[in-house]
Amino acid sequence: MIDVLMNIKFTFFIVFFTVFFILEFFFSQRQTNKKLLRLFFHSLFAIFNTILMRIPGLFLVLPVLLISNEGNFGLLKMLDVNFIIQAIIGFLILDLSFYWLHRLNHTNDFLWRFHRVHHLDTQMDVTTSLRFHIVELLISSVLKTVLILSLGLPISVFIFYEIILSLSAQFHHSDIRLSDKADTVLSYFIVTPKYHTNHHTVSMYSRNANYSSIFTVWDNIFGSKKGANEVDRDYLGVNDRTKEFGFFINLKEPFVNK
Ligand SMILES: [Zn+2]
Ligand SMILES: [Zn+2]
């Protein structure tokens, strides 16, 4: 079953990535330039990360997922509710946990070194969703492992969450023009391109805020929903504008003393 679910996840990833990439040519908000260079450079990240993440995937996440799926332990199994309610609670706890990991990535100096590589991008489009430092992904694997075990998460719920997270990341990084009304209505519930653009501003006011990944409710509950003006939204990244491209420069960037 796990092979089938992983194939479904990969298919969703490729299909939606391609759809967003094509839509960006016709409905661009910012007219992102160097699109093919960006695709090539960020694909290098994706390939490198996918190959290396096979190791924790096979030896850490997958074994605990199988144990958790079969076992009779964890918070969800303790609740006397049906599978659908278990799935909803599990999904929301995963989304809430990754809200806090993202928040810590910005407020903890050590974690920021790695997450900063994502923010070194001076533009934002669907390819930005591929741009993560391998150490950040390893740390998130550890959190996933802890969550799977403590919740007693079923495999199907975990893979479903991974698919939705991946599609949400592609959508909210994409350079797609939505009407202001559509964006406003959607952002009451989910992270939209405009909402996540506020998070990618050089301006610290909106960058150190807007941490939600799927549902925006967490920013509302924990007081981290902050708007940005058009000027801020036109100036994305961090103050250092020199490291947008360069694979090895980005890989070693967190280890360079600043
Ligand atoms: Zn961030
Ligand atoms: Zn982002």
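Residues numbered from 1 in each chain as written. Chains lettered and ligands numbered in written order. Predicted model: local features only at pLDDT ≥ 70, side-chain atom pairs only at ≥ 80, totals over all residues. Heavy atoms only, no water.

Caption draft 1: Focus on the overall build of the chain. A tally of regular secondary structure across the chain gives 13 helices and zero strands. Counting from the amino terminus, helix and strand elements in the chain follow one another as α-α-α-α-α-α-α-α-α-α-α-α-α. In terms of overall size, the chain behaves like a compact globule, its C-alpha atoms giving a radius of gyration of 18 Å where 258 residues would be expected to give roughly 18 Å. On the principal axes, the C-alpha backbone points of the chain span a range of 50 × 40 × 35 Å. Residue pairs in contact within the chain that sit at least 24 positions apart in sequence constitute 75% of those at least 6 positions apart. Carbon and sulfur atoms make up 71% of the accessible area of the chain, which amounts to about 12,900 Å² in all. Positive and negative side-chain charges in the chain, numbering 23 and 20 respectively, have mean positions lying 4 Å apart. (Helix = DSSP H or I, 4+ residues; strand = E, 2+ residues; numbered from the N terminus. Rg over C-alpha atoms; globule rule 2.2 N^0.38 Å. Contact = heavy atoms within 4.5 Å. Areas by Shrake-Rupley, 256 points an atom, 1.4 Å probe, with all protein chains shown as cover. Lys, Arg positive; Asp, Glu negative; His and termini not counted. Charge placed at Lys NZ, Arg CZ, Asp CG, Glu CD.)

Caption draft 2: Here's a closer look at the coordination of the zinc ion (ligand 1). Summarising the metal site, the zinc ion (ligand 1) is bound by the protein donors His102 (NE2), His106 (NE2), His115 (NE2), His119 (NE2) and His199 (NE2), whose distances to it range over 2.1 to 2.3 Å. A separation of 5.4 Å is found between the zinc ion (ligand 1) and the zinc ion (ligand 2). (Donors = N, O, S within 2.8 Å, 3.2 Å for Na, K, Ca; no water.)

Caption draft 3: Layout of the packing of helix α4 (residues 83–107) against helix α7 (residues 155–173). For the pair α4 and α7, interaxial distance at closest approach is 10 Å and the crossing angle is 45°. With respect to their mutual orientation, α4 and α7 come out oblique. Two packed elements cross with a definite hand, and for α4 against α7 that hand is right-handed. In contact with Phe83, Ala87, Phe91, Leu94, Asp95 and Phe98 of α4, α7 contributes Ser156, Val157, Phe160, Tyr161 and Ile164. Here the residues of the contact of α4 with α7 are counted per class, giving nine nonpolar, one polar and one charged. (Axes fitted to C-alpha atoms, helices over the stretch in contact; angles between N-to-C directions. Parallel < 35°, antiparallel > 145°, perpendicular 65-115°, else oblique. Left-handed = near helix turned anticlockwise from the far one by under 90°. Nonpolar A, V, L, I, M, F, W, Y, C, P; charged D, E, K, R; others polar.)

Caption draft 4: Quick look at the coordination of the zinc ion (ligand 2). The zinc ion (ligand 2) binds to the protein through His118 (NE2), His173 (NE2), His196 (NE2) and His200 (NE2), with metal-donor distances spanning 2.1 to 2.2 Å. One can describe the donor arrangement at the zinc ion (ligand 2) as irregular, given that its four donor atoms subtend angles of 90 to 169° at the metal. Site description for the zinc ion (ligand 2): donor spacing in sequence, H-x54-H-x22-H-x3-H. (Tetrahedral: all angles 85-135°; square planar, octahedral: opposite > 155°, others 65-115°.)

Caption draft 5: Here's a closer look at a nonpolar patch on the surface. On the surface, a nonpolar cluster with roughly 630 Å² of combined accessible area is contributed by Leu75, Leu79, Val81, Phe83, Ile84, Ile85, Ile88 and Leu92. The element contributing the most residues to the nonpolar patch is α4, with five residues. Along the polypeptide, Leu75 turns up in helix α3 (residues 75–78). The exposure class assigned to Leu75 is partly exposed, which follows from its relative accessible area of 35%. (Patch = residues over 30% accessible without salt bridge, like charges linked within 9 Å, V, L, I, M, F, W, Y side chains within 5 Å. Salt bridge = Lys/Arg side-chain N within 4 Å of Asp/Glu carboxyl O. Buried < 20%, exposed > 50% of the residue type's maximum accessible area, 1.4 Å probe, protein only.)

Caption draft 6: Quick look at the pattern of salt bridges. Under the counting rule described, the total for this entry stands at 14 salt bridges. With a shortest N-O distance of 3.0 Å, Glu162 and Lys9 are connected by a salt bridge. Of this pair, Glu162 sits in helix α7 while Lys9 sits in helix α1 (residues 2–26), and the two are 153 residues apart along the sequence. With a relative accessible area of 11%, Glu162 lands in the buried category. Two residues, Arg38 and Glu244, come together in a salt bridge whose shortest N-O distance is 3.3 Å.

Caption draft 7: Geometry of α4. The terminal C-alpha atoms of α4, which comprises 25 residues, lie 36 Å apart, in line with the 36 Å expected from a rise of 1.5 Å per residue. If you check the start of α4, you find a side-chain oxygen 3.1 Å away from the backbone N of Ile84, and it comes from Asn82. (Expected span 1.5 Å × (residues − 1). Polar contact = N/O pair within 3.5 Å; in protein donor to acceptor, adjacent residues only side chain to side chain.)

Caption draft 8: How the structure looks around the confidence of the model for the chain. Confidence along the chain averages 94 in pLDDT terms, with 99% of residues attaining 70 or more. For the chain, per-element mean pLDDT is lowest for α1, which scores 91, and highest for helix α11 (residues 217–221), which scores 98. (pLDDT = per-residue confidence, 0-100.)

Caption draft 9: Representation of the packing of aromatic side chains within the structure. Throughout the structure, instances matching the rule amount to 21 aromatic pairs. On the basis of an interplanar angle of 70° and a centroid distance of 5.6 Å, the ring pair of Phe114 and Phe255 is categorised as edge-to-face. In this pair, Phe114 is assigned in helix α5 (residues 109–119) and Phe255 in the segment after α13 (247–252), connecting sequence segments 141 residues apart. Classification of Phe255 by relative accessible area gives exposed; the value is 54%. Put simply, the rings of Phe41, Phe45, Phe48, Phe245, Phe247 and Phe248 touch in pairs and so form one group of aromatic residues. We note Lys35 situated over the ring of Phe25; from NZ or CZ to the ring centre the distance is 5.8 Å. (Phe/Tyr/Trp six-rings, centres within 6.5 Å; stacked < 30°, edge-to-face > 60°. Lys NZ or Arg CZ within 6 Å of the ring centre and 35° of its normal.)

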